[in-house]
Number of protein chains: 2
Amino acid sequence: MDAALLDPLLEFLRFPSVSTDPAFAGEVQACAQWLKERFSRMGLEAAIHPTGGHPVVLARNAHLPGRRTVLIYGHYDVQPADPVALWTTPPFEPRVEGGVLFARGSSDNKGQIMAHILGVEQTLREKGELPVNLIFLVEGEEEIGSPHLEAFLQEHREALRPDVIVISDTGMAGPGLPALTYALRGLMGMEIRLHAGGSDLHSGTYGGMVPNPATLLARLVASLHDAEFRVTVPGFYDSVRPLADWEREAWATLPVSEEGLKAEAQVHALFGEAGYTPLERAWARPTLEINGIGGGYQGEGTKTVIPREAFAKITCRLVPDQTPTEIEAKVRAYLERICPPEVRLEIISGHGGDTFVCDPQSADALAAQRAVKAVWGREAALVRAGGSIPILTTFRRILGADILLLGLANPDCAAHAPDENFVLENYEAGVRLNRALLEELAG
Amino acid sequence: MDAALLDPLLEFLRFPSVSTDPAFAGEVQACAQWLKERFSRMGLEAAIHPTGGHPVVLARNAHLPGRRTVLIYGHYDVQPADPVALWTTPPFEPRVEGGVLFARGSSDNKGQIMAHILGVEQTLREKGELPVNLIFLVEGEEEIGSPHLEAFLQEHREALRPDVIVISDTGMAGPGLPALTYALRGLMGMEIRLHAGGSDLHSGTYGGMVPNPATLLARLVASLHDAEFRVTVPGFYDSVRPLADWEREAWATLPVSEEGLKAEAQVHALFGEAGYTPLERAWARPTLEINGIGGGYQGEGTKTVIPREAFAKITCRLVPDQTPTEIEAKVRAYLERICPPEVRLEIISGHGGDTFVCDPQSADALAAQRAVKAVWGREAALVRAGGSIPILTTFRRILGADILLLGLANPDCAAHAPDENFVLENYEAGVRLNRALLEELAG
């Protein structure tokens, strides 16, 4: 690979810009400074903006009236490298082997954002200008939940005003298979607690005559799905946008096998709602998952107590057009109705997050698909993802622009894990994607 | 109360003979020494027998051929006094108020065993001899599960050889209402663990397509009872000795109310198997209780994981003629049959304990009931108890004698809790019970 492409990324990856650990605060700051200087050398107007936490780096070309404005979002912070012992080589000493670059942050997100940066640099060097008004917004707190991003966007709202937002922080549909991710699931979290009495009780003296919250909690939780693993909460599926035929057909052609998913998840078997494939279940169907369950004795061996209380932590993953408010109300009402009167039900509201959906037939989404085809010589796979990216809702609400998710990472990139990696072929394609995309989005 | 009765008990109670805490080992030893000297002064042949832990104190009169041998068992160790702050007065500074003695060990078991000791002392002082060959066996490790008692009994088996064993370490049926406890429940413990995969999974990426062990555990646990709270394990009730009419009738007359039980257990409501009263459920019906349940995230708030495993700790309380072996096999077979194949079921065997039953119409049980009537002027209530006393099986297996459980503690004696107490009226009645009982058992 051309050193002009590889060297800047290697420099970028050598900063251990771990946002969650205060011990790395200096490295995070140094990384932001390096990035700002890189932008400046390319001819962009760049600045480091302090926040309540790690800074945001903003860079822009000279904006001209009549051109569309494109905001490219990325992050320069990375996950911790722990457990470092499981890495083949040190996480902050990038290594290339067989066309694959191994380093913390290589896929998530330094490699992906650097592909965009170098695409812009090439265009500026060759043509002296860009076809659009461009803004790079690269933050340093994505891995800790972007706690200061909303305030930053509110403050800079008038200066940003993009027509479209581009984010490369998701994945490809498979090796060599580019993807436009057009929908993500939302989230509704709650904790339920069943209280039976004032203290744990002796299971000999009282066993059989008093309510056991652990037993009744199990019954309550078991009542949340039917035999075919559909959620039984009345109205739960009312707002679900049905899967379109084209979605089922398109996903069936993806190079995703049940064996492959099992190996990836390290599970004995797949499992889920009847009538749907695994991808359909994870991408287009809402779920009700128990994230944690507890109550009574947790130590080794036996303790003959009847717990005084038991809890379950629940999150529902939501799909368009469900909302956290709607689903919380329905789950609450159902639990309150089926809970036996012998125990007291407490429901504690948790995090919520909206679903995300972008019309893959919009003008900008079609432009993105043309750019993908020009780079890879094949159509972009139109995929959804099962997870949630809460900042998408924030971007859309404050900046009012649509968002294109064009991920460059392979499914086995080990983001957040040891030996995180980025395939150089994807990196190089990403540089070309940036150039084609800006041309297409210019309209 | 006569100082000759009260003073020895106060002395006994001042020893903080907490068996579980090594810091009190010297006090436990001193208490055993004091007890041995007390026995010797009464004219009994007494000795302290070291064990692998705290010693056993044995005392006996001169045994004569042709007399029946009665072994009275008790323990001189006590539960810890924690939380000491919740005691009205210090736990090892006995206080008498309104005819009630407050101190750690007052009911469990120093007061009860001292009533027998003083009954024997009175008889010896007045008559110079006892009507039976008597053995006191007072151990120092009951509150930690009597770990050395079995070996001790095996070693001294030939020297002990009782015809009948008397234990006053249970309760009265109510204030002023003496009881013969003729049956206790047994125990079968196990832990079940469901394993789905190698690690916790992201509930966004994988939620809906992989098995969730917490959800499936809840379903498994919920399958263990039917809608009327009968245990659904096939054959679970096959060996249950049905409640006799006389038992239902006798227990219905006991001064036990649902309101009283709720207040005692500090629960919002009672709950259990259809068709039985609370006492019947706790005394004569087997149970399957969840003592602990866990899996996934246990901290504050939300963590969006699918747990890799989940567990439930189960104990069944057994009634005659169920056995731990039978019930473990039936529960195992049922769980293995209903567990979904997508998760791996692991079953870990736990403690087991046999049920105890003594025929209330046996010659010795009738003798005990005559003694009770002579002391209190009313019939002994024939009761069972929901708990288990594992050493009863040990006594019976090694010494081959029947066991009479004649408890002197009131139901609200707060054994193991702050402000443990013993009603002095019961204590004084216990002294007289010992005298009447030895006469009756002499035959």
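Residues numbered from 1 in each chain as written. Chains lettered and ligands numbered in written order. Predicted model: local features only at pLDDT ≥ 70, side-chain atom pairs only at ≥ 80, totals over all residues. Heavy atoms only, no water.

## Description of the sheet that holds strand β4 (residues 95-97) of chain A
Residue and element names in this part refer to chain A.
Part 1 of the reasoning: Read from one edge of the open sheet, 3 strands run β4-β5-β18, paired in antiparallel fashion. One side of each edge strand has no neighbouring strand; the edge strands of this open sheet are β4 and β18 (421-423). Adjacent strand axes in the sheet meet at a mean angle of 25°, parallel and antiparallel pairs treated alike.
Part 2 of the reasoning: The sheet contact formed by strand β5 (residues 100-102) and β18 spans 3 bridges and is antiparallel. Paired with Val100 across the two strands is Val423, which belongs to β18.
Part 3 of the reasoning: Lying over the sheet, helix α3 (residues 106-127) contacts β5 and β18, oriented at roughly 45° with respect to β18. (Pairing = 2+ DSSP bridges. Helix = DSSP H or I, 4+ residues; strand = E, 2+ residues; numbered from the N terminus. Axes fitted to C-alpha atoms, helices over the stretch in contact; angles between N-to-C directions. Contact = heavy atoms within 4.5 Å.)

## Thoughts on the interface of chain A and chain B
Part 1 of the reasoning: Each partner contributes to the interface: chain A provides 76 residues, whereas chain B provides 76 residues.
Part 2 of the reasoning: Here chain A and chain B share an interface that buries about 5900 Å² over both sides, 57% of which is from carbon and sulfur atoms.
Part 3 of the reasoning: If you sort the residues of chain A by the area they bury against chain B, A:Met209, A:Phe271 and A:Ile293 come out on top, with a joint share of 13%.
Part 4 of the reasoning: At the junction of chain A with chain B, the criterion picks out 36 residue pairs in polar contact (both at pLDDT 80 or more).
Part 5 of the reasoning: Per element, the largest residue contribution to the side of chain A that touches chain B is 9 residues, and it comes from strand β11 (residues 287-296) of chain A.
Part 6 of the reasoning: Class assignment of the residues belonging to the side of chain A that touches chain B gives a composition of 30 nonpolar, 32 polar and 14 charged. (Buried area = accessible area lost by both parts, 1.4 Å probe. Polar contact = N/O pair within 3.5 Å; in protein donor to acceptor, adjacent residues only side chain to side chain. Nonpolar A, V, L, I, M, F, W, Y, C, P; charged D, E, K, R; others polar.)

## Topic: unusual backbone geometry
Part 1 of the reasoning: Residue A:Asp321 is reached from A:Pro320 by a cis peptide bond, and omega for that bond is 5°.
Part 2 of the reasoning: Residue B:Asn109 is reached from B:Asp108 by a cis peptide bond, and omega for that bond is 10°.
Part 3 of the reasoning: By the element assignment, B:Asn109 lies in helix α3 (residues 106-127).
Part 4 of the reasoning: Residue B:Ala414 is not a glycine yet carries a positive backbone phi of 60°.
Part 5 of the reasoning: Mapping B:Ala414 onto the fold places it in the loop between β17 (402-405) and β18 (421-423).
Part 6 of the reasoning: Under the relative-accessibility criterion, B:Ala414 is labelled partly exposed at 23%. (Buried < 20%, exposed > 50% of the residue type's maximum accessible area, 1.4 Å probe, protein only.)

## Description of the confidence of the model for chain A
Part 1 of the reasoning: Residues at a pLDDT of 70 or more form 100% of chain A, whose mean pLDDT is 96.
Part 2 of the reasoning: Per the prediction output, this complex has pTM 0.89; the corresponding ipTM is 0.89. (pLDDT = per-residue confidence, 0-100.)

## Some words on the pattern of salt bridges
Part 1 of the reasoning: Tallied over the full model, the rule gives 52 salt bridges over all chains.
Part 2 of the reasoning: Close ionic contact of B:Arg67 with B:Glu129 constitutes a salt bridge, the shortest N to O distance being 3.8 Å. Of this pair, B:Arg67 sits in the loop between β2 (56-60) and β3 (69-75) while B:Glu129 sits in the loop between α3 and β6 (133-139), and the two are 62 residues apart along the sequence.
Part 3 of the reasoning: In this structure, a network of salt bridges that share partners links the residues A:Glu191, A:Arg193, A:Glu309 and A:Lys313. (Salt bridge = Lys/Arg side-chain N within 4 Å of Asp/Glu carboxyl O.)

## Digging into helix α9 (residues 324-338) of chain A
Residues and elements named next belong to chain A.
Part 1 of the reasoning: The terminal C-alpha atoms of α9 lie 21 Å apart, and with 15 residues this matches the ideal 21 Å at 1.5 Å per residue to within 8%.
Part 2 of the reasoning: What α9 keeps buried is the set Pro324, Glu326, Ile327, Glu328, Val331, Tyr334 and Leu335.
Part 3 of the reasoning: Where α9 is buried, its residues contact β9 (186-195), α5 (213-222), β13 (309-318) and β14 (344-353). (Expected span 1.5 Å × (residues − 1).)

## Structural notes on the relation of the copies chain A and chain B
Part 1 of the reasoning: Overlaying chain A on chain B yields an RMSD of 0.1 Å, the required transformation being a rotation through 180° with an accompanying axial translation of 0.1 Å. This pairing of chains is accounted for by a two-fold axis. (Least-squares fit on C-alpha atoms with pLDDT ≥ 70 in both.)

## Points about the sheet that holds strand β13 (residues 309-318) of chain B
Part 1 of the reasoning: Here we have 8 strands laid out as an open sheet, ordered β14(A)-β9(A)-β13(A)-β11(A)-β11(B)-β13(B)-β9(B)-β14(B), and antiparallel in their pairing. Edge positions in the sheet fall to β14 of chain A together with β14 (344-353) of chain B, since each of these pairs with one other strand and no more. In this sheet, adjacent strand axes meet at a mean angle of 20° when their direction is disregarded.
Part 2 of the reasoning: Summarising the sheet, β11(A) and strand β11 (residues 287-296) of chain B pair through 5 bridges and their orientation is antiparallel. Each residue of the ladder has a partner; that of A:Gly296, found in β11(B), is B:Gly292.
Part 3 of the reasoning: Docked against the sheet, helix α6 (residues 213-222) of chain B engages β11 of chain A together with β9 (186-195), β11, β13 and β14 of chain B, running at close to 20° with respect to β13(B).
Part 4 of the reasoning: Sheet strands in contact with helix α10 (residues 324-338) of chain B are β9, β13 and β14 of chain B, and its direction is about 25° off that of β9(B).

## Some details on the packing of helix α10 (residues 363-376) of chain A against helix α12 (residues 424-442) of chain A
Residues and elements named next belong to chain A.
Part 1 of the reasoning: Running from N to C, α10 and α12 point in directions that differ by 140°, and their axes come no closer than 8 Å. The orientation of α10 with respect to α12, classified from their angle, is oblique. As α10 runs across α12, the sense of the crossing is right-handed. Only Ala429, Arg432, Leu433, Ala436, Leu437, Glu440 and Leu441 of α12 make contact with α10, whose side of the interface consists of Asp364, Ala367, Ala368, Arg370, Ala371, Val372, Val375 and Trp376.
Part 2 of the reasoning: The residue makeup of the contact of α10 with α12, split by class, is 11 nonpolar, no polar and 4 charged. (Parallel < 35°, antiparallel > 145°, perpendicular 65-115°, else oblique. Left-handed = near helix turned anticlockwise from the far one by under 90°.)

## Some remarks on the environment of B:Ala284
Residue and element names in this part refer to chain B.
Part 1 of the reasoning: The residue Ala284 is located in helix α9 (residues 278-284) in this model.
Part 2 of the reasoning: For Ala284, a relative accessible area of 2% corresponds to the buried category.
Part 3 of the reasoning: Counting along the chain gives 36 residues from Ala284 to Arg248, while the straight-line C-alpha distance between them is 9.8 Å.

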